[in-house]
Amino acid sequence: MTDSDFHFYEPRAGHGLPHSPFNAIIAPRPIGWISTRSPGGVLNLAPYSFFNAFNYVPPIIGFASNGAKDSLANAEATGEFCWNLVTGDLAEAMNTTSAEVPAGVDEFALAGLTPAQSRTVSTPHVAGARAVFECRTSDIVPLRSAAGAPTVTTVVFGEVVGVHIDRALLKDGIYQTAAAGPLLRGGGPAAYFTIGEENRLEMRRPPSGQ
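This section reports on the structure supplied with the text. Quick caveat: nothing in here was measured; it's all calculated off a predicted structure. (Residues numbered from 1 in each chain as written. Predicted model: local features only at pLDDT ≥ 70, side-chain atom pairs only at ≥ 80, totals over all residues. Heavy atoms only, no water.)

**A closer look at the pattern of salt bridges**
- Throughout the structure, instances matching the rule amount to five salt bridges.
- E10 is the salt-bridge partner of R12, the closest N and O atoms lying 3.1 Å from each other.
- E10 sits in the partly exposed class, given a relative accessible area of 39%.
- Here R200 and E202 are joined by a salt bridge, their closest N and O atoms 2.7 Å apart.
- Linked through salt bridges whose partners overlap, the residues forming this network are E197, R200 and E202. (Salt bridge = Lys/Arg side-chain N within 4 Å of Asp/Glu carboxyl O. Buried < 20%, exposed > 50% of the residue type's maximum accessible area, 1.4 Å probe, protein only.)

Below, the structure written as structure tokens:
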């Protein structure tokens, strides 16, 4: 392939396309459906497109807040949050919680979801979620550009201190990712994806030294 076969752009100059391809290329991504509680006791539930896992021991996950959102403020103030797995049956409820509503609105109630009591943190999680991580906030990192300029984004990292798994998703003690039916974020303004066992590919890491 030659250079003429590629669309090239420098992000600082704009992409020249109808919609930014950046997050569509890094896709699909797990959804960071984050539940928090304000110091005053108001529940908050919001999905984050930029979310992932970053450490094994202790397990650490993180989500990126583009702007001063309630999830960021609550996770910083209370020192905890929960991540809730989004599956197909929860898709519409998750989408409802993405609405921009005034601070103080309980998105659990807005989406008709039941908050469930957590085991290790005071923040509740989504009762219908088939997997949940209870987390204690470990780091809050404002992102900067390569030149050192501040951005609008802050990443919230949390140590996973409690894990809930629907036993139906465990086969011989191994979590079955496809069976859970996770909903994944794609690119563009509204694209989501699911996965199935038919798309599974097994590849084991080569032995050490090869």
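**Focus: the nonpolar core**
- If you look at the biggest cluster of nonpolar residues, it comprises 18 residues, and the most contacted ones within it are W33, L113 and V126.
- Those elements that provide at least two residues to this core are strand 3 (43–48) and helix 3 (91–96).
- When residues in this core are grouped by element, the largest group, three residues, is from helix 3.
- With sequence-adjacent residues up to four places away left out, V126 is seen in contact with W33, L45, N84, F108, L113, T114 and V132. (Core = buried A, V, L, I, M, F, W, Y, C linked by side-chain atoms within 4.5 Å. Helix = DSSP H or I, 4+ residues; strand = E, 2+ residues; numbered from the N terminus. Contact = heavy atoms within 4.5 Å.)

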